[in-house]
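The chain contents come next:
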Amino acid sequence: MLAKDLFRNKDDVKTLRKAIESLDVKDINIMEVCGTHTMAIAEAGIKQMLPKGINLISGPGCPVCVTPSERIDDICNLAMNKDIIITTYGDMIRVPGTRKDISLEKSRMMGADIKAVYSSMDALDIAIDNPDREVVFLGIGFETTAPAAASALMEAYKRKVDNFSIFSLHKVIEPAIRSLLESKEVKIDGFLLPGHVAVILGQKGFMFLQYEYAIPGVISGFEPVDILNSLFLIAKEIAEGRGEVKNEYTRLVSFEGNSAARDAVYEVFKPRDDIWRGLGMIKNSGLKIREKYSRFDAEVKFKIKLTDEIKNTPCKCGDVVKGLIDPSNCPLFGKECVPDSPVGPCMVSSEGSCAAAYKYRNMI
Amino acid sequence: MMCLAVPLKIVSINEKNAVAEMDGIKRNIRIDFIKNAEVGDYVIVHAGFAIEKLTRKMAQENLEAVREVVNACKGFVQKQG
């Protein structure tokens, strides 16, 4: 496969490991802000390759995991409307709400019509094929998936597919990173930055880390050599007391990013304050559908009142997504909470920190 | 899964729709966000949408940049003893 094998060379991995070991850094925390990185790091056993004193912590980079459980309850309530077909990325189906017996999977058992789709365009096709039903697409994800939702919505507008709507759970990553840095609850010395979000935002989308926080960040690819190379660059910056943002993933990420994708998002969505599991309410961190497209906004169409009250539960996903604890430190991990019977979203999502830690638990 | 990004090769194009394949498996994708997409191009696909082209040249240049770091590391490691 193009590019993939090029960045898995074992000699390169060995050299980079040694180089990281030779750096003069003590007790540093590097946060990865992308669920795909979390999984790639676990799969390649990268945490075990690093010397003591370089800690990798997972951040709020899994969209399913940062969606509050109250929002899952809102979706499941909507799903029980007999006129509605809920269309969603498969990741969402098993995510529990505020109780273990609330999920789209459980709603489906009670008769709700829920279809997993690969793309927002598949959801639009289902709407076209079912003109007498209402089709709601659950729009979830960061800057990489929001353009796909925006495109489907623009297409529905153009083709007057009036039985199609989107329930937007979309979020943007910059306010969450700022919130983490400003709360100072977690010590973060550098960021392994999300390669595919950066394809859309460009390197320029992360320069605020350098200009405003003087903290090192490297936009990274997802192969072992990419990740180790990026970690070396971050740790070296920390050792030298620098705080620059660099781009390791140059085969896909430009400085400017993908403006066509950003324009689509801007056309359809506007920022709104939004709740993140673990991080709470963050200003301008969510995406709401603009008034122009409000007849395709499920919140407006079905008069959904979003629950803004967050309950306390024994599940520690909130602490996991902000890097405060390792999944294994949650009292439910591997006991009440396992992939087959998850309590929290971090154990459900294929990109969740708990799912990654559970799947690769025997490597440690 | 929504966040999984995969490189696919475009085999046919019809306006904003395209068919792309990997290992013989074909998939309908959208190319709204790709300028001048052509049959034969590799694209990274996220949730059914191509988000960027991936060229062999860019992959090679990226690898060279990584190798520069790796080579510098070799000298660096030796120097540190």
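Attention in this report is confined to the structure presented alongside it. (Residues numbered from 1 in each chain as written. Chains lettered and ligands numbered in written order. Predicted model: local features only at pLDDT ≥ 70, side-chain atom pairs only at ≥ 80, totals over all residues. Heavy atoms only, no water.)

## Re the overall build of chain A
Now for step 1: Helix and strand content of chain A: 17 helices and eleven strands.
Now for step 2: For the C-alpha atoms alone, the extent of chain A along its principal axes is close to 65 × 45 × 40 Å.
Now for step 3: Long-range contacts, defined as pairs at least 24 residues apart, comprise 79% of the intrachain contacts of chain A with a sequence gap of at least 6.
Now for step 4: Put simply, chain A shows about 14200 Å² of open surface, and 50% of that area lies on carbon and sulfur atoms. (Helix = DSSP H or I, 4+ residues; strand = E, 2+ residues; numbered from the N terminus. Contact = heavy atoms within 4.5 Å. Areas by Shrake-Rupley, 256 points an atom, 1.4 Å probe, with all protein chains shown as cover.)

## Examining the overall build of chain B
Now for step 1: When you go through chain B residue by residue, the secondary structure sums to one helix and five strands.
Now for step 2: From first element to last, N terminus to C terminus, chain B shows the α and β order β-β-β-β-β-α.
Now for step 3: Residue pairs in contact within chain B that sit at least 24 positions apart in sequence constitute 32% of those at least 6 positions apart.
Now for step 4: Here chain B has roughly 4600 Å² of accessible surface; of this, 48% comes from carbon and sulfur atoms.

## Side note on the packing of aromatic side chains
Residues and elements named next belong to chain A.
Now for step 1: Throughout the structure, instances matching the rule amount to eight aromatic pairs over all chains.
Now for step 2: A ring pair is formed by Tyr157 and Tyr293, whose centres lie 4.9 Å apart and whose planes are at 65 degrees; its orientation type is edge-to-face. On the criterion of sequence distance, the pair formed by Tyr157 in helix α8 (residues 146-158) and Tyr293 in the loop between β11 (280-289) and α14 (298-301) is long-range, its members being 136 residues apart.
Now for step 3: When the centroid spacing of 6.3 Å and the interplanar angle of 65 degrees are considered together, the rings of Tyr157 and Phe296 count as edge-to-face. Here Phe296 lies in the loop between β11 and α14 and Tyr157 lies in helix α8, a separation of 139 residues in the sequence.
Now for step 4: Taking relative accessible area as the criterion, Phe296 reaches 0% and is therefore assigned buried. (Phe/Tyr/Trp six-rings, centres within 6.5 Å; stacked < 30°, edge-to-face > 60°. Buried < 20%, exposed > 50% of the residue type's maximum accessible area, 1.4 Å probe, protein only.)

## Observations concerning the packing of helix α1 (residues 10-22) of chain A against helix α12 (residues 224-240) of chain A
Residue and element names in this part refer to chain A.
Now for step 1: One can describe the packing of α1 onto α12 by two numbers: an axis separation of 9 Å at closest approach and a directional angle of 20 degrees. Taken together, the axes of α1 and α12 lie roughly parallel to each other. Relative to α12, the crossing made by α1 is left-handed. Contacts from Asp12, Val13, Leu16, Arg17, Ala19 and Ile20 of α1 reach α12 at Pro224, Val225, Leu228, Asn229, Leu231 and Phe232.
Now for step 2: Taken together, the residues of the contact of α1 with α12 break down into nine nonpolar, one polar and two charged. (Axes fitted to C-alpha atoms, helices over the stretch in contact; angles between N-to-C directions. Parallel < 35°, antiparallel > 145°, perpendicular 65-115°, else oblique. Left-handed = near helix turned anticlockwise from the far one by under 90°. Nonpolar A, V, L, I, M, F, W, Y, C, P; charged D, E, K, R; others polar.)

## What to know about a nonpolar patch on the surface
Residue and element names in this part refer to chain A.
Now for step 1: Together, Met80, Met109 and Met110 make up an exposed nonpolar region whose accessible area comes to about 340 Å².
Now for step 2: Assignment of secondary structure puts Met80 in the loop between α5 (69-79) and β3 (84-89).
Now for step 3: Classification of Met80 by relative accessible area gives partly exposed; the value is 32%. (Patch = residues over 30% accessible without salt bridge, like charges linked within 9 Å, V, L, I, M, F, W, Y side chains within 5 Å. Salt bridge = Lys/Arg side-chain N within 4 Å of Asp/Glu carboxyl O.)

## Focus: the pairing of strand β7 (residues 190-194) of chain A
Residues in a regular strand point their side chains to alternate faces of the sheet.
Residues and elements named next belong to chain A.
Now for step 1: Among the five residues in β7, five count as buried, and that is most of the element.
Now for step 2: By the bridge criterion, three bridges tie strand β1 (residues 28-32) to β7 in an arrangement that is parallel. If you follow Ile30 over to β7, its bridge partner there is Gly190.
Now for step 3: Looking at chain direction, β7 and strand β8 (residues 217-220) are connected through four bridges and run parallel. What sits directly across from Pro194, in β8, is Ser220. (Pairing = 2+ DSSP bridges.)

## Focus on the pattern of salt bridges
Now for step 1: What the rule picks out here adds up to 30 salt bridges over all chains.
Now for step 2: With its nearest N and O atoms 2.7 Å apart, the salt bridge here joins Lys187 of chain A to Asp189 of chain A.
Now for step 3: Between Glu244 of chain A and Arg242 of chain A there is a salt bridge whose closest N-O contact spans 3.3 Å.
Now for step 4: When its relative accessible area of 28% is taken as the criterion, Arg242 of chain A is described as partly exposed.
Now for step 5: Each of Glu155 and Arg159 of chain A together with Arg30 and Asp32 of chain B takes part in a single network of salt bridges with overlapping partners.

## Topic: the sheet that holds strand β4 (residues 113-117) of chain A
Backbone hydrogen bonds are what pair the strands of a sheet, in a parallel or an antiparallel way.
Residue and element names in this part refer to chain A.
Now for step 1: Taken in spatial order, the four strands line up as β4-β3-β5-β6 in an open sheet, and their pairing is parallel. The open sheet terminates on both sides in strands that have one partner only, identified here as β4 and β6 (164-168). Each strand of the sheet is rotated relative to its neighbour by a mean of 30 degrees, with strand direction disregarded.
Now for step 2: In the sheet, β3 pairs with strand β5 (residues 134-139) via four bridges, with the strands oriented parallel. Of the residues in β5, the one forming a bridge with Ile84 is Glu134.
Now for step 3: Packing of helix α7 (residues 120-129) onto the sheet brings it into contact with β3, β4, β5 and β6, and relative to β5 it is tilted by some 170 degrees.

## A look at the interface of chain A and chain B
Now for step 1: On the side of chain B, 36 residues touch chain A, which itself brings 49 residues to the contact.
Now for step 2: Taken together, the two surfaces of chain A and chain B that pack against each other cover about 3900 Å², and 69% of this comes from carbon and sulfur.
Now for step 3: Here chain A and chain B share two salt bridges between them.
Now for step 4: For Glu155 of chain A, the salt bridge is made with Arg30 of chain B, and the minimal N-O distance between the two is 3.2 Å.
Now for step 5: For the interface between chain A and chain B, the tally reads nine residue pairs in polar contact (both at pLDDT 80 or more).
Now for step 6: Of all the secondary structure elements, the ones that give two or more residues to the side of chain A that touches chain B are α1, α4 (63-66), α7, α8, α10 (195-201), α12 and α13 (259-268) of chain A.
Now for step 7: When residues of the side of chain A that touches chain B are assigned to their parent elements, the largest contribution, six residues, is made by α1 of chain A. (Buried area = accessible area lost by both parts, 1.4 Å probe. Polar contact = N/O pair within 3.5 Å; in protein donor to acceptor, adjacent residues only side chain to side chain.)

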